[in-house]
Amino acid sequence: MWIFSVSVFTLLGNAASDIWLSMTIVIFLLYCYVEKEWFWLRKTWFQVSFVFWIWLIATSLMSQWPGSSLEDSAAWIRFPLFAIALPILLSRHPKARNFFLAGLIVSLAVLLIVLVQERINNPDAERLYGTWGQSTKSGWLVLGFGLPVSIWALSEVRKKPRTALWAVPMVALIYATAILTGEIYITLALTLGVSLFLIFSQSSFKLLLSVGTLGIVGIFTIFQLVPQVAQRFQYSLTHRLPWLEGSDYYVPWSRGLEIFQRNPIMGIGPKNHESYCNFISEVASMSTTACYPHPHQLYIQTASETGLIGLTIFLLMIFALFSELLRGKDWRALSLSTTSALCLLITVLWPISTYSHAFGQHKNFFTWLAIAWALSLVASDSNRVNVGKS
């Protein structure tokens, strides 16, 4: 039941979801202590993430604002620990994965109901809040939960074509929910993840046509019912892409790159973007807008706040994660589980995308949950192979 409770905790907000994540780690560590299972400490990607964590703490201590910086850097290790914990915990009970997926689906269903009600009450809103009050994080949940569910549903169709009767409409509904939030980049990321799976899994033309048709119908329906959303998407896709000057992200991205150029080796320390921007007039004067807490881009923030050394370690960790997924496998004949895991990892770590705080809770919960689920898919695949050999 604890695995299923992700649906309740996540809908309650950032703090509650972080409690669920932290308690999952505690349960996992207690399990490891009792069962004496510490093999995961030998996993390369986790070892690299540990080195990155040490570097985060070092850059915080050497920064001009070590106090606030340490708040995020010291606690960052919980994300890799969670990505280790969830696959192992899910593998210990035959129905745990079903409970977990059920929790994600329940969260998405509740969120959709809340979003519809919110849109009815506030039809002119550009972006919707969902269950978080005055915090626009509904899109993060749609992507963080909706992409694993969508890929799982489509993989079921690949196994049993008749499941398309419920799986394809489910994917279309998740896609419509993403559009309803008004979050352009979330919708694009969901499109990327689903498209990658359909292509890499060599799906039939019939499945491609079904998903594409229902996706278009979902877009058209939302745009007809809520013209404001259609106008926002049209304007944003033509004038507000991150690299365009009219984008909300152009200034924070530019400032982040400028900070990196000024501090290329060690960076300025995690969570110090806003303080440094206000401290250095040349950076602040790059725009009339106020300094942002972070650059809104995962790799730019990693580079500017941890330097070239930190960025290199972070990229090595990502490389090690992909290596973990592909270890011992023929990339020309990947299983559905491995293909699903790859599509998840590529999507959540896609370099040309917006992001929230790279080292705080916020979007990291959903990013690392997707990473954890990807690792669990590969682990379950390996378990099936081992059982077959025995």
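Computed from a prediction, not measured in an experiment: that's the story for all the values here.

**Things to note about the overall build of the protein**
On a plain count of helices and strands, the protein comes out with 17 helices and 0 strands. In terms of overall dimensions, the protein is globule-like: its C-alpha atoms have a radius of gyration of 21 Å, near the 21 Å expected for 390 residues. With the C-alpha coordinates of the protein rotated into their principal frame, the extents come out at 60 × 55 × 40 Å. A separation of at least 24 residues holds for 72% of the contacts in the protein among residues at least 6 apart in sequence. Roughly 17,700 Å² of accessible area belongs to the protein as shown, and the carbon and sulfur atoms make up 66% of that amount. The distance from the centre of the 26 positive side-chain charges to the centre of the 19 negative ones in the protein is 13 Å.

**Concerning the packing of aromatic side chains**
Using the criterion set out here, one finds 20 aromatic pairs in the structure. On the basis of an interplanar angle of 75° and a centroid distance of 5.1 Å, the ring pair of F52 and W76 is categorised as edge-to-face. Here F52 is found in helix α3 (residues 44-61), whereas its partner W76 is found in the loop between α4 (66-73) and α5 (78-91), with 24 residues between them in sequence. For the pair W152 and W166, a centre-to-centre distance of 5.5 Å together with 40° between the ring planes defines the contact as tilted. Of the two residues, W152 sits in helix α7 (residues 138-159) while W166 sits in helix α8 (residues 164-181), which places them 14 residues apart along the sequence. Linked through ring pairs, F28, W38, W40, W45, F46, F52, W76, Y299, F314, F359 and W368 together constitute an aromatic cluster.

**Quick notes on a nonpolar patch on the surface**
Together, L29, Y33, V34, W38 and L41 make up a nonpolar patch on the protein surface, roughly 490 Å² of accessible area in all. Tracing the backbone shows Y33 in helix α2 (residues 14-35). Take Y33: its relative accessible area is 56%, and that puts it in the exposed class.

**Brief notes about the side chain of S138**
By secondary structure assignment, the location of S138 is in helix α7. Not counting residues within four places of it along the chain, the set of residues in contact with S138 comprises L111, L115, L128, Y129, G130, W132 and T181.

**Let's talk about the pattern of salt bridges**
Considering all chains together, one arrives at 8 salt bridges under this definition. Across the pair E37 and R92 runs a salt bridge whose closest N-O atoms are separated by 2.6 Å. Of this pair, E37 sits in the loop between α2 and α3 while R92 sits in the loop between α5 and α6 (96-121), placing them 55 residues apart in sequence. Taking the shortest distance from any N to any O, the salt bridge between R127 and E183 comes out at 3.0 Å. You can see R127 sitting in the loop between α6 and α7 and its partner E183 sitting in the loop between α8 and α9 (184-200), a full 56 residues away along the chain.

**Observations concerning the environment of I151**
Locating I151 in the fold gives a position in helix α7. Residues contacting I151, with those up to four places away along its chain left out, are G193, F197, S340, C343 and L344.

**Topic: the confidence of the model for the protein**
When the pLDDT values of the protein are averaged, the result is 88; 96% of them are 70 or greater. Helix α17 (residues 364-389) is the least confidently modelled element of the protein, averaging 77 in pLDDT, while α3 averages 97, the highest of any element. Note that residues 385-390 has pLDDT below 50 and, in this model, 0 contacts with residues that lie over four places away or in other chains.

**Some remarks on the state of the cysteines**
In the structure shown here, the tally under the stated rule is 1 disulfide. Across the disulfide, C277 is cross-linked to C291 (sulfur-sulfur distance 2.0 Å). Of note, the bridge from C277 to C291 carries an S-S torsion of about -65° and is left-handed in sense. Of the two residues, C277 sits in helix α13 (residues 273-279) while C291 sits in the loop between α14 (281-284) and α15 (298-326), which places them 14 residues apart along the sequence. An identical accessibility class is assigned to C277 and C291; each is buried.

**Brief notes about the packing of α3 against α4**
The description of two helices packed together rests on the angle between their axes and the distance between the axes. Between α3 and α4, the least distance of the axes is 8 Å, while the angle of their chain directions is 170°. One way to sum up the angle between α3 and α4 is to call them roughly antiparallel. When the axes of α3 and α4 are compared, the crossing they make is right-handed. Seen from α3, the contacting residues are W53, L56, I57, S60 and L61; seen from α4, they are P66, S69, L70 and S73. Considering only residue class, the contact of α3 with α4 consists of 6 nonpolar, 3 polar and no charged.

**Points about α4**
In an α-helix, one turn spans 3.6 residues; hence positions three or four apart end up facing the same way. Every buried residue belonging to α4 is among S69, D72 and S73, and all of these are buried. Buried residues in α4, looked at end-on, bunch into an arc of 95°, giving them a common side. As for α4, its buried residues are in contact with α3.

**Notes on the nonpolar core**
Formed by 107 residues in total, the largest nonpolar core has its most connected members in W45, W76, F100 and F145. Broken down by element, the residue count for this core peaks at 12 residues, all from α17. Ignoring anything within four residues of it in the chain, the contact list for W76 reads S49, F52, W53, L56, M317, A358, F359 and W368. Listed in part, the 7 residues of the second largest apolar core include I259, I268, Y276 and C291.

**Quick look at α7**
Taking 1.5 Å per residue, 22 residues should reach 32 Å; α7 reaches 31 Å between its end C-alpha atoms and fits that length. Along its length, α7 shows its largest kink, about 35°, at G146, and proline P148 lies within four residues downstream of that point. With 19 of its 22 residues buried, α7 lies for the most part within the structure.

Basis of the calculations
Residues numbered from 1 in each chain as written. Predicted model: local features only at pLDDT ≥ 70, side-chain atom pairs only at ≥ 80, totals over all residues. Heavy atoms only, no water. Helix = DSSP H or I, 4+ residues; strand = E, 2+ residues; numbered from the N terminus. Rg over C-alpha atoms; globule rule 2.2 N^0.38 Å. Contact = heavy atoms within 4.5 Å. Areas by Shrake-Rupley, 256 points an atom, 1.4 Å probe, with all protein chains shown as cover. Lys, Arg positive; Asp, Glu negative; His and termini not counted. Charge placed at Lys NZ, Arg CZ, Asp CG, Glu CD. Phe/Tyr/Trp six-rings, centres within 6.5 Å; stacked < 30°, edge-to-face > 60°. Patch = residues over 30% accessible without salt bridge, like charges linked within 9 Å, V, L, I, M, F, W, Y side chains within 5 Å. Salt bridge = Lys/Arg side-chain N within 4 Å of Asp/Glu carboxyl O. Buried < 20%, exposed > 50% of the residue type's maximum accessible area, 1.4 Å probe, protein only. pLDDT = per-residue confidence, 0-100. Disulfide = S-S within 2.5 Å. Axes fitted to C-alpha atoms, helices over the stretch in contact; angles between N-to-C directions. Parallel < 35°, antiparallel > 145°, perpendicular 65-115°, else oblique. Left-handed = near helix turned anticlockwise from the far one by under 90°. Nonpolar A, V, L, I, M, F, W, Y, C, P; charged D, E, K, R; others polar. Arc of directions from axis to C-beta. Core = buried A, V, L, I, M, F, W, Y, C linked by side-chain atoms within 4.5 Å. Expected span 1.5 Å × (residues − 1). Bend = angle between axes of the 7 residues up to and from the residue.

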